Amino acid sequence: MNPYLDIAPEVQHALQNGVPVVALESTIISHGMPYPQNVQTALMVEAEVRAHGAVPATIAIVNGRLKAGLPEADIEQLGRSGRDVVKVSRRDVPFIVAAGATGATTVASTMIIAAMAGIRVFATGGIGGVHRGAQESFDVSADLQELAQTPVAVVCAGAKSILDLRLTLEYLETHGVPVVGYQTKALPAFFTRDSAFSVDYRLDTPLAIAQVLHAKWAMGLSGGMVIANPIPAEFAMASDAIDAAIEQALAEAQAQKIGGKESTPFLLARVCEITGGDSLASNIQLVLNNARLASAIGQSLQSLR
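Residues numbered from 1 in each chain as written. Predicted model: local features only at pLDDT ≥ 70, side-chain atom pairs only at ≥ 80, totals over all residues. Heavy atoms only, no water.

A. Here's a closer look at empty space enclosed by the protein. All chains considered together, the criterion is met by two cavities of 30 Å³ or more. If you add up the space inside the largest cavity, you get close to 120 Å³. Contributing elements (two or more residues each) for the lining of the largest cavity: α2 (27-30) and α3 (37-51). Ranked by residue count, the leading element in the lining of the largest cavity is α3, at five residues. Looking at side-chain class alone, the lining of the largest cavity contains eight nonpolar, four polar and two charged residues. Taken as a whole, the second largest cavity spans an internal volume of roughly 30 Å³. Considering each element in turn, the lining of the second largest cavity owes the most residues, three residues, to helix α9 (residues 165-174). Of the residues assigned to the lining of the second largest cavity, the class counts are seven nonpolar, two polar and no charged. (1 Å grid on protein atoms, 1.4 Å probe; cavity = no way out; pocket = protein on both sides within 12 Å on 5 of 7 lines; lining within 4 Å. Points joined across faces, edges and corners; volume = space filled by probe spheres on them. Helix = DSSP H or I, 4+ residues; strand = E, 2+ residues; numbered from the N terminus. Nonpolar A, V, L, I, M, F, W, Y, C, P; charged D, E, K, R; others polar.)

In structure tokens:
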């Protein structure tokens, strides 16, 4: 057991008794949505995981402690504090821990803490990736490198559509990270069900996904897997509307010289404003959808052990 890690009693009991556990990130609470929708969504996602036979483990750093499973009071505090909470990726973890500070975990740092706790399945909205214009800025999310080395499967609605999807797929391919489409061959683009790009493999059942994960890790192959789960059709946005909103947000970010880890929260917030809140509603539904699939994969993975 890592001396800096606290596993919530409910999560520990599940891990010890063969009950599937689904990791959940906390940056989506502090930086991904406004208050109070962020807290409401986090609690809804936890409830969705429980309703589908698994135990949720929302992950964060609280007062210098790595947490796998949060009480509602901590979720509320992260939501109320919003962007005042430090956004923590791999490089930031030791600094936040050493300072005894509180931080919200990105996909990368959530994967790290989940793996420490023995959690192998993680549900989120969308992974980070290669940002548009990265050939000049070199702005590439640490999420991608984490997927190459940390054994956690990430269930998402694809890469965030504010990114360069082609370059994101190329980066993942170079580092040996498989991108699996759940019941689809097309790569979902977060707010929309497909894009101009294809996934590496299509798998149609949670069991089929779990069998691949089991084989990968049983062979000692490093890294995780991207499981791209399209947003439900009734909540998907029209591609022309979301593309126009993204282009406007990107232009504003460039004009304001916003980059690095501040770019994604800014872009998502502006897209929400430009679309009159429609993107936020879609965001909430896709996260719930991913929680359902992650729970089913977790159950199937547990049955193979």
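There is more to say after this.
B. Inspection of the layout of surface pockets at higher detail. A volume near 570 Å³ is recorded for the largest pocket. As for the largest pocket, its lining consists of 32 residues, of which Lys87, Thr106, Ser141, Asp143 and Thr264 are closest to the centre. Elements with a minimum of two residues in the lining of the largest pocket: α2, α8 (142-149) and α12 (263-274). It is α12 that provides the largest number of residues to the lining of the largest pocket, a total of four residues. Class assignment for the residues of the lining of the largest pocket results in eight nonpolar, 16 polar and eight charged. The volume enclosed by the second largest pocket comes to roughly 370 Å³. Lining of the second largest pocket is provided by 15 residues; of these, Arg132, Ser137, Leu250, Gln254 and Ile258 occupy positions nearest its centre. If you list the elements that add at least two residues to the lining of the second largest pocket, you get α7 (134-137), α11 (239-255) and α12. With three residues, the top contributor of residues to the lining of the second largest pocket is α11. Among the residues forming the lining of the second largest pocket, the class breakdown is four nonpolar, seven polar and four charged.

C. Representation of the packing of aromatic side chains in the model. A full pass over the atoms with the stated rule returns one aromatic pair. For the ring pair phenylalanine 190 and phenylalanine 191, a centre distance of 4.7 Å and an interplane angle of 75 degrees mean the geometry is edge-to-face. Side by side, phenylalanine 190 and phenylalanine 191 carry an identical accessibility label, which is buried. Directly above the ring of tryptophan 217 sits arginine 120, whose terminal nitrogen or CZ lies 4.6 Å from the centroid. (Phe/Tyr/Trp six-rings, centres within 6.5 Å; stacked < 30°, edge-to-face > 60°. Buried < 20%, exposed > 50% of the residue type's maximum accessible area, 1.4 Å probe, protein only. Lys NZ or Arg CZ within 6 Å of the ring centre and 35° of its normal.)

D. Structural view of the nonpolar core. Counting residues in each nonpolar core, the largest one holds 101 residues, and the members touching the most others are Ile127, Leu213 and Ile227. The biggest single contributor to this core is helix α13 (residues 278-303), with ten residues. Discounting chain neighbours no more than four positions away, the residues touching isoleucine 227 are Ala153, Val154, Val155, Cys156, Val180, Ile209, Leu213, Leu293 and Ile297. (Core = buried A, V, L, I, M, F, W, Y, C linked by side-chain atoms within 4.5 Å. Contact = heavy atoms within 4.5 Å.)

So, to be careful, I would describe these as geometric facts and stop short of saying anything about function.
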